[in-house]
Number of protein chains: 2
Amino acid sequence: MYPDSLEKLIACFRRLPGVGERTAERYALMICDEDEEDVAEFAAALVDVKQKLTHCRICGNLSEGEECGICADEKRNHRQIFVVQSPKDVIAMEKTGEYHGVYHVLNGLISSTKGILPEDLNINELVERAGNAEEVILATSATMDGETTAMYLSRLLQAKCPDVLVTRIAHGLPSGGMLDYADEITLTHALVDRRKV
Amino acid sequence: MYPDSLEKLIACFRRLPGVGERTAERYALMICDEDEEDVAEFAAALVDVKQKLTHCRICGNLSEGEECGICADEKRNHRQIFVVQSPKDVIAMEKTGEYHGVYHVLNGLISSTKGILPEDLNINELVERAGNAEEVILATSATMDGETTAMYLSRLLQAKCPDVLVTRIAHGLPSGGMLDYADEITLTHALVDRRKV
């Protein structure tokens, strides 16, 4: 219905996560109204990201150099490794300002429904690093796939690096969460993992 | 927090309508995972839209040529003009398959809050076209700005082209709409504009 070039741009926007036909149309029509300069900048930013970004060879996080800023930082504790699913999680944790170790980004989770196997993830590198670590903190999400991955990793690490302390981040009532709104699994976790005050 | 090139892409996505920090991050991280080819295609589509698309010199709709497909179509009734705010509305109406006249795209609405004046819109061209038309159908949205624009246009057209029939699309209960869910203004319209069955 739209001119060809616009239809093509709508199709590109539709590939973004959670974007349907209507939203893609809205985005594309806004691009039509933008200055040519701004659109050229957007196009350049897309190409740039693919050309400049790579994965840190140590932790797997997104990085513009061979090593990311965190792995290259000598002030951080390189014997404590915080294992997450994606680069987003690194940013979320860094925002707390409470963690001073390093990270390991799996770039995915083991998933039977999506057919993602352990060998598709950045796991071999984790086992290698874990040999020199004191603690590996498993911080995958509290979802089905996140728990499966954490379980798999904890067994693997305990078998391959028996001297390493393997921990899992705490599960329980979120800050500001009301007891009667929490689901049963969250409440069960909160009860089982209770601690002395 | 993210590498520079990624931060820049996130900022570009944030300019899209309704996109906040989280969504822009999600989009940008998906781009990191896409094939280089697909991303290059996306970048090219952005540039293409700005280079190829222009406004139809007759109706103001988006078009790849000087005249859009609808204005160039001799089978359509060129003496009936359906006036809308944006190219999206043309597509919505074309999907009904019930309209066989031509369009006029204002590319905006008169708005006191956004400071958009009649001279910012594609209105002079409408007055020129209306001189040769039988009917001008005002089909701006049933919002405050849409009603203001329709009111302005109806007065202007009646003054400048007194022979033209100026109509407004019907307002009332939407198809599938339940009476007790409709707001008061909609119900008032539905009552006032009732017709003999």
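What counts and how
Residues numbered from 1 in each chain as written. Chains lettered and ligands numbered in written order. Predicted model: local features only at pLDDT ≥ 70, side-chain atom pairs only at ≥ 80, totals over all residues. Heavy atoms only, no water. Pairing = 2+ DSSP bridges. Helix = DSSP H or I, 4+ residues; strand = E, 2+ residues; numbered from the N terminus. Axes fitted to C-alpha atoms, helices over the stretch in contact; angles between N-to-C directions. Contact = heavy atoms within 4.5 Å. Expected span 1.5 Å × (residues − 1). Buried < 20%, exposed > 50% of the residue type's maximum accessible area, 1.4 Å probe, protein only. Arc of directions from axis to C-beta. Buried area = accessible area lost by both parts, 1.4 Å probe. Salt bridge = Lys/Arg side-chain N within 4 Å of Asp/Glu carboxyl O. Polar contact = N/O pair within 3.5 Å; in protein donor to acceptor, adjacent residues only side chain to side chain. Patch = residues over 30% accessible without salt bridge, like charges linked within 9 Å, V, L, I, M, F, W, Y side chains within 5 Å. Areas by Shrake-Rupley, 256 points an atom, 1.4 Å probe, with all protein chains shown as cover. Lys, Arg positive; Asp, Glu negative; His and termini not counted. Charge placed at Lys NZ, Arg CZ, Asp CG, Glu CD. Least-squares fit on C-alpha atoms with pLDDT ≥ 70 in both. Domains from an automatic or database assignment.

**Some details on the sheet that holds strand S5 (residues 135-138) of chain A**
Residues and elements named next belong to chain A. The strand order S4-S3-S5-S6 describes an open sheet built from four strands, whose pairing is parallel. Each edge of the open sheet is held by one strand with a lone partner, namely strand S4 (101-105) and strand S6 (165-168). Each neighbouring strand pair of the sheet contributes to a mean axis angle of 25°, computed without reference to strand direction. When strand S3 (residues 77-84) meets S4, the two strands line up parallel, connected through five bridges. The residue bridging Val 84 from the neighbouring strand is Val 105, located in S4. Where helix H4 (residues 87-96) meets the sheet, its contacts fall on S3 and S4, and the angle it forms with S4 comes to roughly 160°. Against the sheet, helix H6 (residues 144-160) makes contact with S3, S5 and S6, and its axis sits at roughly 170° relative to S6, the strand it touches most.

**Describing helix H3 (residues 36-52) of chain A**
The end-to-end C-alpha distance of H3(A), which contains 17 residues, comes to 24 Å, matching closely the 24 Å that a straight helix rising 1.5 Å per residue would cover. Every buried residue of H3(A) is accounted for by Val39(A), Phe42(A), Ala43(A), Ala45(A), Leu46(A), Val49(A) and Lys50(A). When H3(A) is viewed along its axis, its buried side chains cluster within an angular range of 150° and face the same direction. Of the exposed residues in H3(A), the ones pointing more than 90 degrees away from its buried face are Glu37(A) and Gln51(A). Along its buried surface, H3(A) packs onto helix H2 (21-33) of chain A together with helix H1 (4-14), helix H2 (21-33) and helix H3 (36-52) of chain B.

**With respect to the interface of chain A and chain B**
Of the residues lining the interface, 45 residues belong to chain A; the matching set on chain B comes to 45 residues. Taken together, the two surfaces of chain A and chain B that pack against each other cover about 4,700 Å², and 73% of this comes from carbon and sulfur. Considering only the surface of chain A that becomes buried against chain B, Arg15(A), Leu46(A) and Lys50(A) emerge as the three largest contributors, covering 14% of it. For the interface between chain A and chain B, the tally reads four salt bridges. The partner of Arg15(A) in a salt bridge is Glu34(B), and the shortest N-O contact between them spans 3.1 Å. Linking chain A with chain B are 13 residue pairs in polar contact (both at pLDDT 80 or more).

**Topic: the environment of Ala150(B)**
As for its position among the elements, Ala150(B) is in helix H6 (residues 144-160). Ignoring anything within four residues of it in the chain, the contact list for Ala150(B) reads Leu138(B), Thr140(B) and Arg168(B).

**Considerations on a positive patch on the surface**
On the surface, a cluster of positive charge is made up of Arg22(A), Arg26(A), Lys88(B) and Lys95(B). Mapped onto the positive patch, the elements with two or more residues apiece are H2 of chain A together with helix H4 (87-96) of chain B. Along the chain, Lys88(B) falls in helix H4. Assessed through its relative accessible area of 31%, Lys88(B) is described here as partly exposed.

**Re the sheet that holds strand S5 (residues 135-138) of chain B**
All names here are of chain B. Taken in spatial order, the four strands of this open sheet run S4-S3-S5-S6, and their pairing is parallel. Edge positions in the open sheet fall to strand S4 (101-105) and strand S6 (165-168), since each of these has one partner strand only. Between one strand axis and the next, the sheet turns by 25° as a mean value, whatever way the strands run. Together, strand S3 (77-84) and S4 form the strand contacts of H4, whose direction differs from that of S4 by roughly 160°. The sheet strands contacting H6 are S3, S5 and S6, and the helix crosses S6 at an angle near 170°.

**As for the relation of the copies chain A and chain B**
With an RMSD of 0.0 Å, the operation that places chain A on chain B is a rotation of 180° combined with a shift of 0.0 Å along the axis. Each copy turns onto its partner about a two-fold axis. Taking C-alpha positions as reference, the residue of chain A nearest the rotation axis is Ala43(A), located at 2.2 Å. An overlap of 100% is found between the interface residues of chain A and their copies at the interface of chain B, pointing to a shared contact surface.

**Re unusual backbone geometry**
Residue and element names in this part refer to chain A. One non-glycine residue, Asn 107, lies in the positive phi region at around 55°. Checked against the element boundaries, Asn 107 lands in the loop between S4 and helix H5 (124-130). The exposure class assigned to Asn 107 is partly exposed, which follows from its relative accessible area of 32%.

**A closer look at the domain arrangement of chain A**
The domain architecture assigned to chain A consists of domain 1 (4-52) and domain 2 (70-176). Each of domain 1 of chain A and domain 2 of chain A has a C-alpha centre, and the two are 34 Å apart.

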